[in-house]
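# Fold and geometry: a report
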Amino acid sequence: MNLSIIVPLLNEADQLPELIAHIVSLDPAPQQTILVDGGSVDDSVNVAKEMLKSIETARSVIDWHVIESTVGRAQQMNAGAMLATGDVLLFLHADTELPADAIDNVQQAVAQYDWGRFDVRLDSRDPLLSIVGLMINQRSQLMGIATGDQAIFIKKSVFEQIGGYPDQPLMEDVELCKRLKKISRPACLKSKVTTSARRWQQHGTWRTIFLMWHLRFDYWRGVSPDVLKQRYYN
């Protein structure tokens with residue numbers, strides 16, 4: 001199995017050293033990693049290119065690419081998928097870390113499933129955020145819907161079959177999963193990715209829980225993703 005990791009970037013210059021080092025540490029390594037910038041103003045593109053020069057000099061086994069696309073996570077991930085050469089696409093947020101054996105886990109999963117996701121934990125010792133992670137995993141298991149923080153992976157042929165990520169500014173991962181569920185149920189890997197708890201910490205855990213559930217409910221009842229985006233960022 002050849003696997004391409006696609007990472008959407010937006011003002012992640014400070015996160016890039018940790019992100020790149022993490023991907024390099026995976027064993028086995030992915031065949032390809034594509035960093036897709038969506039209009040950063042913090043020099044993320046140049047920072048990434050300079051860091052990757054030293055990696056390529058060290059003869060990295062990973063085929064690295066840094067590209068730019070229009071603003072919007074869905075557009076960025078679709079742009080990365082167009083360049084991807086792997087049989088399987090794994091979409092990774094810049095502030096999320098995969099388990100060390102993630103590639104083996106995905107390889108085993110796609111032998112039986114067309115797509116899947118990992119369980120998630122938030123990088124905080126707050127007991128409430130541990131419960132939040134557990135709730136996310138249980139909801140995902142029950143509903144067959146994953147969030148971008150859970151490192152969704154898809155056979156490239158299936159991704160192309162459904163037309164890629166929907167062109168919408170929010171809930172693109174939820175809509176993607178709804179389309180994928182019409183093809184098959186996901187592989188729900190118990191191996192955990194670790195994602196940043198910064199939004200929960202900055203905006204308050206209970207406030208963020210309420211906002212997320214409210215946004216999902218409104219999306220379910222047909223509220224426009226454009227309207228939901230304004231509420232999410234405000």
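Going by the structure above, here's the rest.
Residues numbered from 1 in each chain as written. Predicted model: local features only at pLDDT ≥ 70, side-chain atom pairs only at ≥ 80, totals over all residues. Heavy atoms only, no water.

## Some details on the packing of helix 9 (residues 205-220) against helix 10 (residues 225-233)
Where helix 9 contacts helix 10, the two axes come as close as 10 Å, and the packing angle between them is 170°. For the element pair helix 9 / helix 10, the angle class is roughly antiparallel. For the pair helix 9 and helix 10, the contacting residues are L211, M212, H214, L215, D218 and Y219 in the first and P225, L228, R231 and Y232 in the second. Its residues assigned to classes, the contact of helix 9 with helix 10 shows seven nonpolar, one polar and two charged. (Axes fitted to C-alpha atoms, helices over the stretch in contact; angles between N-to-C directions. Helix = DSSP H or I, 4+ residues; strand = E, 2+ residues; numbered from the N terminus. Parallel < 35°, antiparallel > 145°, perpendicular 65-115°, else oblique. Contact = heavy atoms within 4.5 Å. Nonpolar A, V, L, I, M, F, W, Y, C, P; charged D, E, K, R; others polar.)

## With respect to the packing of aromatic side chains
For the structure shown, the criterion picks out five aromatic pairs. Chaining the aromatic ring pairs together yields one cluster made of F91, F159 and Y165. The cationic tip of R139 hangs over the ring face of W213; the distance from NZ or CZ to the ring centre is 5.5 Å. (Phe/Tyr/Trp six-rings, centres within 6.5 Å; stacked < 30°, edge-to-face > 60°. Lys NZ or Arg CZ within 6 Å of the ring centre and 35° of its normal.)

## Structural notes on the nonpolar core
Of all hydrophobic cores here, the largest spans 41 residues; its most connected members are L35, L90, L98, F118 and F153. The element that contributes the greatest number of residues to this core is helix 4 (residues 102-110), accounting for five residues. Setting aside residues up to four positions removed in sequence, L98 forms contacts with I5, H22, L26, L90, L92, F118, A151 and V193. (Core = buried A, V, L, I, M, F, W, Y, C linked by side-chain atoms within 4.5 Å. Buried < 20%, exposed > 50% of the residue type's maximum accessible area, 1.4 Å probe, protein only.)

## A few points about the pattern of salt bridges
Summed over the entire model, instances satisfying the criterion amount to eight salt bridges. With a closest N to O distance of 2.8 Å, D218 and R221 form a salt bridge. Three or more residues are tied together by salt bridges with common partners; here these are E12, D95 and R198. (Salt bridge = Lys/Arg side-chain N within 4 Å of Asp/Glu carboxyl O.)

## Some details on the sheet that holds strand 2 (residues 32-37)
Hydrogen bonding along the main chain pairs the strands of a sheet, whether they run parallel or antiparallel. Pairing is mixed in the open sheet, where eight strands are placed in the order 3-2-1-4-7-6-8-5. Each end of this open sheet is capped by a strand with a single partner; those strands are strand 3 (63-68) and strand 5 (96-97). Bridge count between strand 6 (residues 115-122) and strand 7 (residues 153-155): two bridges; the pairing is antiparallel. Each residue of the ladder has a partner; that of W115, found in strand 7, is I154. (Pairing = 2+ DSSP bridges.)

## Considerations on the side chain of Q150
Its place among the elements puts Q150 in the loop between helix 5 (127-143) and strand 7. Apart from the residues within four sequence positions on either side, Q150 is in contact with R117, F118, V120, I136, N137, S140, I145 and V193.

## Concerning the packing of helix 5 against helix 9
Taken N-terminus to C-terminus, the directions of helix 5 and helix 9 make an angle of 15°; their axes are 11 Å apart at the nearest point. By the criterion of interaxial angle, the relationship of helix 5 to helix 9 is roughly parallel. Helix 9 is crossed by helix 5, and the crossing has right-handed handedness. Here L128, L129, V132, M135 and R139 of helix 5 lie close against helix 9, whose contacting residues are T205, W206, I209, W213 and R216. Here the contact of helix 5 with helix 9 is composed, by residue class, of seven nonpolar, one polar and two charged. (Left-handed = near helix turned anticlockwise from the far one by under 90°.)

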